[in-house]
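What the coordinates show
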Amino acid sequence: MPVDTKRVRGPEVSQSPSLFLCKTAANKSFTQKDARVDGRQRGQVDVRSVFVRCGLISQAKGSAYIEAGNTKLICCVYGPREMERKDETDMKSGRLMTDMRFAPFSCRERGSWIQGSDEKDLSLMLLESLRPGVCLHKYPRSQIEVNVMVLENDGSVLAHAVTCASMALADAGIEMYDLVLGCSIRQESATYLIDPTYLEENGCNLASGSGDNFGSLTVAFLPSLNQISGLQSDGEMGEDILTGGVRTCIEGCFKLYPVIQQALTKAVRRKAPPSES
Amino acid sequence: MATVQVSEAEKVYILHGVRDDLRVDGRGCEDYRHMEIETDVVSNTDGSAKVSLGHTDVLVGVKAEIGKPRPMVPHEGYLEFFVDCSANATPEFEGRGGDELGVELSNTLYKVFNNRSSIDLKSLCISPGEHCWVLYVDVLLLQCDGNLFDAISVAIKAALFNTKIPKVHLSENEEGGKEIELSDDPYDCMRLNVENVPCIVTLCKVGYRHVVDATLQEKACSVASLIISVTHKGTITCVRKVGGGSLDPESIFETTETGKRVGKALHAPLMELLQKEENLGKKRPKVGFLG
């Protein structure tokens, strides 16, 4: 694993103060009937309201910014550009390259600028989620670069990254079959929490709840084609709980759809030349 | 992953066959290829296993070392996975070529084991907050013929079953600090309970149906696959969609059900086989790598 030699991180034995903080927070037990911290309901499709805006970065071909609760992400799209590697055997279709990074100040603990394996994994999943939506056969021998930067991580980062990236692709004028929307869910024994915050995502590990069905699930969905382009889950769940979770995420995506469409039409209107009057 | 070039005519042939539940090598859609498992093949490790599934060969070695527990969970040990795609498998893996695939496989393994019941991590604790057992699970891909995830997960389960962790006890030394002492008897060791270790089932979507244990040719005909990791009770610990295509939600639900059924059925014969091999003890004829 590459080590960051340019920065002084403090002595090896030092520990982050947040480790000592967590012990007091864990004593508060989350009972099933509590409302969630930000006032949303458990067991209902209550996604956080999003603020989206396209066309922020003038240098990029397309860009988008999304804010959902405290999660803030920005995405830029560059391309189509000529492909760098000439030895590609499959020249008939273009290539999509994704890169997802966390800013060091985005999480509770300072991250490193060097890409860890988590980020590589998320970039790969972002690629798999976006690929079915983009008409790559229309861009032979080209590559399209999608770069997502997480400015603040307050939960369901991958889901919002997928939404943000597909908006940026649309803003860049890349031909797509449909927008790809992402939604994630956190399963906690009997109920689920849709669009979890960071604390909700990670707090469960400290809870001493027994029994099964603790896990999280992220789904990337193409609404008008009714196709799932990305699916990822971990934790342990029964098959019916998993199926229910996927259906709930699909509902969450349908709720987001009109908002994203509206933001895109606004962006197009802004870019369009002023009408002759 | 190593790929083969498949012509359009071959694709159509494979698709039509799968539609009628008959694959190129005569299997049904839910049948695995011939699988051979052998444990305790590498003597320098604490546990090892070699699995060949068709022409895919995977070697897993488990080494137990004493380390410091993670700060958030002082009462538990942990597992570290590393997958190495050897250049023996295919020339594409030469140099750094296999790194990407290796990272993808390791990350999936971390997700699969990221739950409370797969391995009893509390049994790996020696002294809370100070010492714990860290199990380094190293996977080596020797030959690549499709379906890497399944072979790797079976090999990991077999290697963890075979792992013998030495028993240690803490004692006070003269200055009052704690010292770890190994027991004198080399056969006095702790075994892991691998009942709940999940097995991964990869289902490739070929045409309108899903096939288990796809060969490279069948993989070339599919655009998307679903990786499901199932325990013996039928709980699903990880689901991932891989590949550049999209899947219909209904087909995902059907696939998950098939995967759960196939995965659940894999555990009982596997544990039986591992127990039988264990019971043979010293009299077991070692096959090793040339068998």
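Residues numbered from 1 in each chain as written. Chains lettered and ligands numbered in written order. Predicted model: local features only at pLDDT ≥ 70, side-chain atom pairs only at ≥ 80, totals over all residues. Heavy atoms only, no water.

As named in an unreviewed UniProt entry, chain B is Exosome component 7, taken from Esox lucius.

Looking at an unreviewed UniProt entry, one finds chain A named Exosome complex component MTR3 and attributed to Esox lucius. In its Function (unreviewed entry) section, the UniProt entry covering chain A states "Non-catalytic component of the RNA exosome complex which has 3'->5' exoribonuclease activity and participates in a multitude of cellular RNA processing and degradation events." In UniProt, chain A has this text filed under Subunit (unreviewed entry): "Component of the RNA exosome complex." (UniProt positions renumbered as here; feature names shortened; annotations may be inferred.)

Turning our eyes to something else, we now look at the overall build of chain B. A tally of regular secondary structure across chain B gives five helices and 14 strands. Relative to its length of 291 residues, chain B is compact, with a C-alpha radius of gyration of 21 Å against a globular reference of 19 Å. Principal-axis analysis of the C-alpha atoms gives chain B an extent of 80 × 40 × 40 Å. Buried residues in chain B amount to 53% of all 291 residues. Counting contacts in chain B only where the partners sit at least 6 residues apart, residues at least 24 apart contribute 70% of the total. Accessible area for chain B stands at about 13800 Å²; split by element, carbon and sulfur atoms hold 52% of it. (Helix = DSSP H or I, 4+ residues; strand = E, 2+ residues; numbered from the N terminus. Rg over C-alpha atoms; globule rule 2.2 N^0.38 Å. Buried < 20%, exposed > 50% of the residue type's maximum accessible area, 1.4 Å probe, protein only. Contact = heavy atoms within 4.5 Å. Areas by Shrake-Rupley, 256 points an atom, 1.4 Å probe, with all protein chains shown as cover.)

Turning our attention to the pairing of strand β3 (residues 56-67) of chain B. All names here are of chain B. For β3, the tally of buried residues reaches nine of twelve residues, placing the bulk of the element in the interior. By the bridge criterion, seven bridges tie strand β2 (residues 47-53) to β3 in an arrangement that is antiparallel. Bridge pairing links alanine 49 to valine 60 in β3. If you look at the hairpin formed by β2 and β3, you'll find two residues sitting between the two strands, and glycine 54 has a positive phi there, around 65°. One ladder, built from eleven bridges, connects β3 with strand β6 (residues 131-143); its direction is antiparallel. Across the sheet, residue valine 60 finds its bridge partner in β6, namely valine 139. (Pairing = 2+ DSSP bridges.)

Next up on the list: the pattern of salt bridges. Residue and element names in this part refer to chain B. Under the defined criterion, the tally for this structure stands at 22 salt bridges over all chains. Taking the shortest distance from any N to any O, the salt bridge between aspartate 213 and arginine 27 comes out at 3.3 Å. In this pair, aspartate 213 sits in the loop between β12 (209-212) and α4 (216-220) while arginine 27 sits in the loop between α1 (8-19) and β1 (35-39), placing the two residues 186 residues apart along the sequence. The exposure classification of aspartate 213 matches that of arginine 27, with both residues buried. (Salt bridge = Lys/Arg side-chain N within 4 Å of Asp/Glu carboxyl O.)

A full pass over the atoms with the stated rule returns four aromatic pairs over all chains. On the numbers, 6.4 Å between centres and 70° between planes, the contact of A:Phe51 with A:Tyr65 is edge-to-face. One end of the pair, A:Phe51, is in strand β1 (residues 50-54); the other, A:Tyr65, is in strand β2 (residues 62-68), and 14 residues separate them in sequence. When its relative accessible area of 39% is taken as the criterion, A:Phe51 is described as partly exposed. Put simply, the rings of B:Phe81, B:Tyr110 and B:Phe113 touch in pairs and so form one group of aromatic residues. (Phe/Tyr/Trp six-rings, centres within 6.5 Å; stacked < 30°, edge-to-face > 60°.)

Moving on to a negative patch on the surface. All names here are of chain B. A cluster of acidic side chains, namely Glu174, Glu175, Glu179, Glu181, Asp184 and Asp185, defines a negative patch on the protein surface. Mapped onto the fold, glutamate 181 is located in strand β9 (residues 178-182). Accessibility expressed as a relative area gives 34% for glutamate 181, which makes it partly exposed. (Patch = residues over 30% accessible without salt bridge, like charges linked within 9 Å, V, L, I, M, F, W, Y side chains within 5 Å. Lys, Arg positive; Asp, Glu negative; His and termini not counted. Charge placed at Lys NZ, Arg CZ, Asp CG, Glu CD.)

What follows is about the UniProt feature "domain: Exoribonuclease phosphorolytic" (unreviewed entry) in chain B. Residue and element names in this part refer to chain B. The sites that carry the UniProt feature "domain: Exoribonuclease phosphorolytic" (unreviewed entry) are, in the present numbering, residues 32-166 and 196-261. Span residues 32-166 is 21% helix and 38% strand, its end C-alpha atoms 36 Å apart. The annotated region residues 196-261 carries 27% helix and 38% strand content, and the separation between its end C-alpha atoms amounts to 16 Å.

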